[in-house]
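# Secondary and tertiary structure notes
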Amino acid sequence: DPIIEVSHLTRRFTSKRSETVALDDVSLAVQPGEFVTIAGPSGCGKSTLLKIIAGLTLATDGDVRLYGKPVTGPQREIGFAFQRSALLEWRGVRKNILLQAEMRGMDRRRAEERADDLIELTGLTGFEKALPHELSGGMQQRVALCRALLHEPRVLLMDEPFGALDALTREQMNIEMNRIWRETGTTVVLVTHSVPEAVYLGSRIVVMSPRPGRIVETLEPGLPERREYGPTL
Ligand code: ADP
Ligand code: ADP
């Protein structure tokens, strides 16, 4: 059974002067363990789709189900990482990650063990006490990723998580992300405007187009073993 089931989703933004159809009859089912990438140009509704799945905003029409249950608000089963996931400047790496535990009232010991595992998994060992401004952009995104994964969500939603990084760091983060996905078995839905990034990361690639926001194509290259990282990225 799918973890996420998006059915006939429509989202309109209406103002006095105009109406934008951000999503037009979008349907999508995500199976456990998949890495679904959603690619398309700016304005095709990628962020809106992800936010609706996360329960952070509502659809105009259609519905989203998580394990068969309608999503009506933020979900415990979901972790979320944005392009600029704000870290608290005065807190070190480990404490930034543990913020998630505080917000969710997790058992402290369990959360600390999990944080240390994630720090190791993402190569942040030795930087536990470093403050965000002492870290590179890629390392900051790793911290944000650890924070999003701390409560062991079944699904990780990422909106242009590496969009603010330089090309080389972005490439390294993609390789890292592929490894983390294979090692943790987390189901991932990642939004990007970069088609090569979508192709590198995705076990399934959903392509969208704007005005109105629609799915125009779905590619299923299957579960990647170890894809070559193209220099065109
Ligand atoms: P993408 O993430 O693919 O760039 P978005 O989901 O951000 O696309 O936006 C899709 C369309 O909906 C765009 O035309 C955008 O301007 C519009 N839109 C998104 N959010 C809002 C909003 N809160 N109010 C009005 N229009 C919005
Ligand atoms: P992203 O990189 O996620 O596509 P954008 O810079 O396009 O982000 O938009 C940032 C946020 O502003 C979006 O999450 C969206 O909800 C909102 N937004 C986008 N377009 C509009 C718009 N035309 N009017 C109001 N809000 C918008």
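For the structure itself, look to the data block above.
Rules used in this analysis
- Residues numbered from 1 in each chain as written.
- Chains lettered and ligands numbered in written order.
- Predicted model: local features only at pLDDT ≥ 70, side-chain atom pairs only at ≥ 80, totals over all residues.
- Heavy atoms only, no water.
- Helix = DSSP H or I, 4+ residues; strand = E, 2+ residues; numbered from the N terminus.
- Rg over C-alpha atoms; globule rule 2.2 N^0.38 Å.
- Buried < 20%, exposed > 50% of the residue type's maximum accessible area, 1.4 Å probe, protein only.
- Contact = heavy atoms within 4.5 Å.
- Areas by Shrake-Rupley, 256 points an atom, 1.4 Å probe, with all protein chains shown as cover.
- Lys, Arg positive; Asp, Glu negative; His and termini not counted.
- Charge placed at Lys NZ, Arg CZ, Asp CG, Glu CD.
- Pairing = 2+ DSSP bridges.
- Axes fitted to C-alpha atoms, helices over the stretch in contact; angles between N-to-C directions.
- Near = heavy atom within 4 Å.
- Polar contact = N/O pair within 3.5 Å; in protein donor to acceptor, adjacent residues only side chain to side chain.
- Nonpolar A, V, L, I, M, F, W, Y, C, P; charged D, E, K, R; others polar.
- Salt bridge = Lys/Arg side-chain N within 4 Å of Asp/Glu carboxyl O.
- Core = buried A, V, L, I, M, F, W, Y, C linked by side-chain atoms within 4.5 Å.

This paragraph deals with the overall build of the protein chain. What the protein chain contains, in helices and strands, is six helices and ten strands. Relative to the 2.2 N^0.38 estimate, which gives 17 Å for 233 residues, the radius of gyration of the protein chain is 18 Å and therefore close to what a compact globule would have. Taken along the three principal axes of its C-alpha coordinates, the protein chain extends 50 × 40 × 40 Å. Taking all 233 residues of the protein chain together, the buried fraction comes to 48%. Contacts spanning at least 24 positions in sequence make up 70% of the contacts within the protein chain whose residues lie at least 6 apart. Here the protein chain has roughly 11,600 Å² of accessible surface; of this, 50% comes from carbon and sulfur atoms. Side-chain charges in the protein chain split into 30 positive and 31 negative, and the spacing between the mean points of these groups amounts to 5 Å.

Okay, the sheet that holds strand β9 (residues 204-209) next. Through backbone hydrogen bonds, the strands of a sheet pair up, either in parallel or in antiparallel fashion. Judged by pairing direction, the sheet is mixed, and its six strands sit side by side in the order β6-β7-β8-β3-β9-β10 without closing on themselves. Looking at strand neighbours, the two that pair on one side only are β6 (78-81) and β10 (214-219), the edges of this open sheet. Averaged over neighbouring strand pairs, the angle between their axes works out to 20° when direction is ignored. Contacting β3 (35-39), β6, β7 (155-159), β8 (187-192) and β9, helix α1 (residues 46-54) runs over the sheet at an angle of about 150° to β7. Taken strand by strand, helix α4 (residues 137-149) contacts β6 and β7, and its axis lies near 145° from that of β7.

For the rest of this paragraph, the subject is the site of ligand 1. Every residue close to ligand 1 is listed here: F13, T20, A22, P41, S42, G43, C44, G45, K46, S47 and T48. Between ligand 1 and G45 there is a distance of 3.1 Å, counted from an oxygen atom to a backbone nitrogen or oxygen. Between ligand 1 and S47 there is a distance of 2.8 Å, counted from an oxygen atom to a side-chain nitrogen or oxygen. Contact with the protein chains hides 57% of the accessible area of ligand 1, taken as 560 Å² for the molecule alone. Elements with a minimum of two residues in the shell around ligand 1: β2 (19-30) and α1. Classifying every residue of the shell around ligand 1 by side-chain character gives four nonpolar, six polar and one charged.

A separate point is the site of ligand 2. Lining the immediate surroundings of ligand 2 are S47, K51, Q83 and D159. For ligand 2, an oxygen atom lies 2.7 Å from a polar atom in the side chain of S47. Within the contact set of ligand 2, an oxygen atom lies 3.5 Å away from a side-chain nitrogen or oxygen of D159. Within the complex, 22% of the 550 Å² of free accessible area of ligand 2 lies under protein.

This part takes up the side chain of D159. Relative to the elements of secondary structure, D159 occurs in strand β7. Of the side chains bearing the opposite charge, K51 lies closest to the buried D159, which forms no salt bridge; the N-O distance is 5.7 Å. Polar side-chain contacts of D159 include one of 2.8 Å to the side chain of S47. Ignoring sequence-local partners within four residues, the contact set of D159 consists of S47, L50, F80, A81, F82, Q83 and V191.

So, about the sheet that holds β2. Within the open sheet, the four strands sit side by side as β2-β1-β4-β5. Their pairing is antiparallel. Of all the strands in the sheet, just β2 and β5 (69-70) have a single pairing partner and so form its edges. Relative to strand β4 (residues 61-66), strand β1 (residues 4-14) runs antiparallel, the two sharing five bridges. Pairing of E5 across the sheet is with R65, part of β4. Those strands touched by α1 are β1, β2 and β4, and its axis lies near 120° from that of β1.

The biggest cluster of nonpolar side chains holds 34 residues, and the ones touching the most others in it are I97, L150, L156, M158, M177 and V188. It is α4 that contributes the most residues to this core, six residues altogether. Not counting chain neighbours up to four residues away, the residues in contact with M158 comprise L50, A81, L145, M177, V188, V189, L190 and V191.

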